[in-house]
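# Structural overview
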Amino acid sequence: AQSVTQLDSQVPVFEEAPVELRCNYSSSVSVYLFWYVQYPNQGLQLLLKYLSGSTLVKGINGFEAEFNKSQTSFHLRKPSVHISDTAEYFCAVSGAGGGADGLTFGKGTHLIIQP
Amino acid sequence: DGGITQSPKYLFRKEGQNVTLSCEQNLNHDAMYWYRQDPGQGLRLIYYSQIVNDFQKGDIAEGYSVSREKKESFPLTVTSAQKNPTAFYLCASSEGRIFSGNTIYFGEGSWLTVV
C-alpha cells in the first residue's frame, strides 16, 4: 500500500516571502508524484508532476518541487509568493506503471498569504 | 472549450433518498473517476472507469453506484445506504491507461448536503 503525509495542515507566509510545503510518501514500488492546487469551491488543478528523469520539476505559477528518493520526499517550493497563491495544496502519489493502489492524496496544506 | 462539467453545483438530499450527480467530459478521455472530499481528509476514491461499460470500486464505494454507458458520461448515484453523504464530490478524467502517470483533470465539484 502507498501513503502520503503532508506535514503541515496550514502554512502562513508573508507576501513576497519564499515558501516550502512538505510532502513525504511511502510506497514499496517506484512512484509517480504530483502536486495539485485547489482554490475555494473549485476542483483541483495540476501544478506539476514527477514521472522520471530530472529530480527537479518545474510547474505552473512559478512553483517547483524536488524528488528525493532517499528521503521519500517531494517538497513544493516557490521563491516569492503572491496573494493569489492562497489555496489548498495537495500532494499525491501513484505506483509507476499503474496498479491497484491508484492515486493516493495527502490531506492537504492550506497556504495562507499575509499582506 | 474542453473540460469536465459537473451538475448540479449544490444539491440537498433528504434522508432515505437517492440522488444522482452528473459528470460529462468533452476531452475524449478514456478514464474517469469520482472522488469524495471531506474537510481535512484529502480526496478519497469512490469509483473509476477505464472504458465504457466497465468500472471498478475505489476505497470508499459502499453506498454509491455508477454507470458508464457513454465515453463522455460517468454519473454517480448516492444511495440511501450511504450513511454520511454530506461532502464535496469531484469528478475527474485522464487520457490513456488509468493511474499511469497521465494528468488527471478535475471538474468544479458538487456539494451534497443531507437535510
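Structural data are supplied above this passage.
Read on for an overview of the structure. Given the structure is predicted, the values throughout are model-derived calculations rather than measurements. (Residues numbered from 1 in each chain as written. Chains lettered and ligands numbered in written order. Predicted model: local features only at pLDDT ≥ 70, side-chain atom pairs only at ≥ 80, totals over all residues. Heavy atoms only, no water.)

## Focus on the overall build of chain B
Applied cut-off: Helix and strand assignments follow DSSP, with helices taken as H or I runs no shorter than four residues and strands as E runs no shorter than two, numbered in order from the N terminus. Note that the radius of gyration is over C-alpha atoms, with the globule rule given as 2.2 Å times the number of residues to the power 0.38. Only protein chains enter the accessibility calculation, which uses a 1.4 Å probe; a residue is then buried when its area is under 20% of its type maximum, exposed when over 50%, and partly exposed in between. Contacts are residue-level and defined by heavy atoms, with any inter-residue pair within 4.5 Å sufficient. Shrake-Rupley sampling with a 1.4 Å probe provides the accessible areas, and residues are treated as covered by the protein chains on show and by no other component.
Regarding its fold elements, chain B presents zero helices and 11 strands. Secondary structure elements in chain B, listed N-terminal to C-terminal, are β-β-β-β-β-β-β-β-β-β-β. Over its C-alpha atoms chain B spans a radius of gyration of 13 Å, differing by no more than 12% from the 13 Å that the globule rule assigns to 115 residues. In terms of its C-alpha atoms, chain B occupies a principal-axis envelope of roughly 40 × 30 × 30 Å. Sorting the 115 residues of chain B into buried and exposed places 50% on the buried side. Long-range pairs, those at least 24 residues apart, make up 54% of the contacts in chain B with a sequence separation of at least 6. When the accessible surface of chain B is summed, it comes to about 5500 Å², and 46% of that surface belongs to carbon and sulfur atoms.

## Notes on the packing of aromatic side chains
All names here are of chain A. We count it as follows: Classification of ring pairs uses Phe, Tyr and Trp, with its six-membered ring standing for Trp, and accepts pairs whose centres are within 6.5 Å; under 30 degrees between planes counts as stacked, over 60 as edge-to-face, and the remaining range as tilted.
Under the definition given, this model contains 13 aromatic pairs over all chains. Taken together, a centroid distance of 5.5 Å and an interplanar angle of 45 degrees make the contact between F63 and Y89 tilted. Of this pair, F63 sits in the loop between β7 (56-58) and β8 (64-68) while Y89 sits in strand β10 (residues 87-95), and the two are 26 residues apart along the sequence. Across this residue pair, the class does not change: F63 and Y89 are buried.

## Looking at the pairing of strand β9 (residues 73-78) of chain A
Residues and elements named next belong to chain A. The following threshold applies: Between any two strands, at least two bridges found by DSSP are needed for them to pair.
Within β9, five of the six residues are buried, which leaves it mostly tucked inside the rest of the structure. Relative to β9, β8 is paired through five bridges, and the arrangement is antiparallel. Paired with F67 across the bridge in β9 is F74. Connecting the antiparallel pair β8 and β9 is a turn made up of four residues, with T72 showing a positive phi of about 45 degrees.

## Thoughts on the state of the cysteines
Our working rule: For the purposes of this analysis, a disulfide is any pair of cysteine sulfur atoms at a distance within 2.5 Å.
Within this structure, the stated rule accounts for two disulfides over all chains. The disulfide bridge from C23 of chain A ends at C91 of chain A, spanning 2.0 Å between sulfur atoms. Handedness of the C23 of chain A-C91 of chain A disulfide follows from its S-S torsion of about -65 degrees: it is left-handed. On the criterion of sequence distance, the pair formed by C23 of chain A in strand β4 (residues 23-26) and C91 of chain A in strand β10 is long-range, its members being 68 residues apart. This pair shows no difference in class: C23 of chain A is buried, exactly as C91 of chain A is. A sulfur-sulfur separation of 1.9 Å characterises the disulfide bridge that pairs C23 of chain B with C91 of chain B.

## Topic: the pattern of salt bridges
Pairing is possible between side chains that carry opposite charge, provided their charged atoms lie close to one another. Inclusion rule: Criterion for a salt bridge: a side-chain nitrogen of Lys or Arg within 4 Å of a carboxyl oxygen of Asp or Glu.
Inspection of every chain in the model, using the stated rule, returns eight salt bridges over all chains. K58 of chain A serves as the salt-bridge partner of E64 of chain A, at 2.8 Å between the closest nitrogen and oxygen. K71 of chain B serves as the salt-bridge partner of D30 of chain B, at 3.4 Å between the closest nitrogen and oxygen. Placement of D30 of chain B in the loop between β3 (19-25) and β4 (31-38) and of K71 of chain B in the loop between β7 (64-66) and β8 (76-78) is noted, with a sequence separation of 41 residues between them. Taking the relative accessible area as the measure of exposure, D30 of chain B reaches 30% and is therefore partly exposed. One salt-bridge network, in which partners are shared between bridges, spans E20, E66 and R77 of chain A.

## Some remarks on the interface of chain B and chain A
Put simply, the rule reads: Defined here as a combined quantity, buried area equals the accessible surface (1.4 Å probe) lost by two parts on assembly, summed across both. Side-chain atoms alone can form a polar contact between residues adjacent in sequence; in general such a contact is a pair of N or O atoms within 3.5 Å, and within protein one must be able to donate a hydrogen while the other accepts it. Each residue is assigned to one of three groups, with Ala, Val, Leu, Ile, Met, Phe, Trp, Tyr, Cys and Pro labelled nonpolar, Asp, Glu, Lys and Arg labelled charged, and all others, Gly among them, labelled polar.
Contacts between the two partners involve 22 residues from chain B, matched on the other side by 22 residues from chain A. Interface area for chain B against chain A, summed over the two sides, is near 1700 Å², with a carbon-plus-sulfur share of 52%. It is F99, G101 and F106 of chain B that lose the most area in chain B upon contact with chain A, and together they represent 29% of the buried surface on that side. Between chain B and chain A we count zero salt bridges in total. Our count for the contact surface shared by chain B and chain A stands at six residue pairs in polar contact (both at pLDDT 80 or more). Of all the elements in the fold, those that place two or more residues in the side of chain B that touches chain A are β4, β5 (42-49) and β9 (87-94) of chain B. Per-class residue counts for the side of chain B that touches chain A are 10 nonpolar, nine polar and three charged.

## Focus: the environment of D59 of chain B
Following the sequence through the fold, D59 of chain B ends up in the loop between β6 (56-57) and β7. Considering only alpha carbons, one finds D59 of chain B and V78 of chain B, 19 residues apart in sequence, at a separation of 15 Å.

## Remarks on the nonpolar core
Note the cut-off: What is meant by a nonpolar core is a set of buried Ala, Val, Leu, Ile, Met, Phe, Trp, Tyr and Cys residues, joined one to another through side-chain atoms within 4.5 Å.
Counting 27 residues, the largest nonpolar core has W35, L48, L76 and Y89 of chain A as the members making the most contacts within it. Of all hydrophobic cores here, the second largest spans 22 residues; its members include L44 and A92 of chain A together with L45 and I98 of chain B.

The values reported here are purely geometric and, on their own, carry no functional implication.
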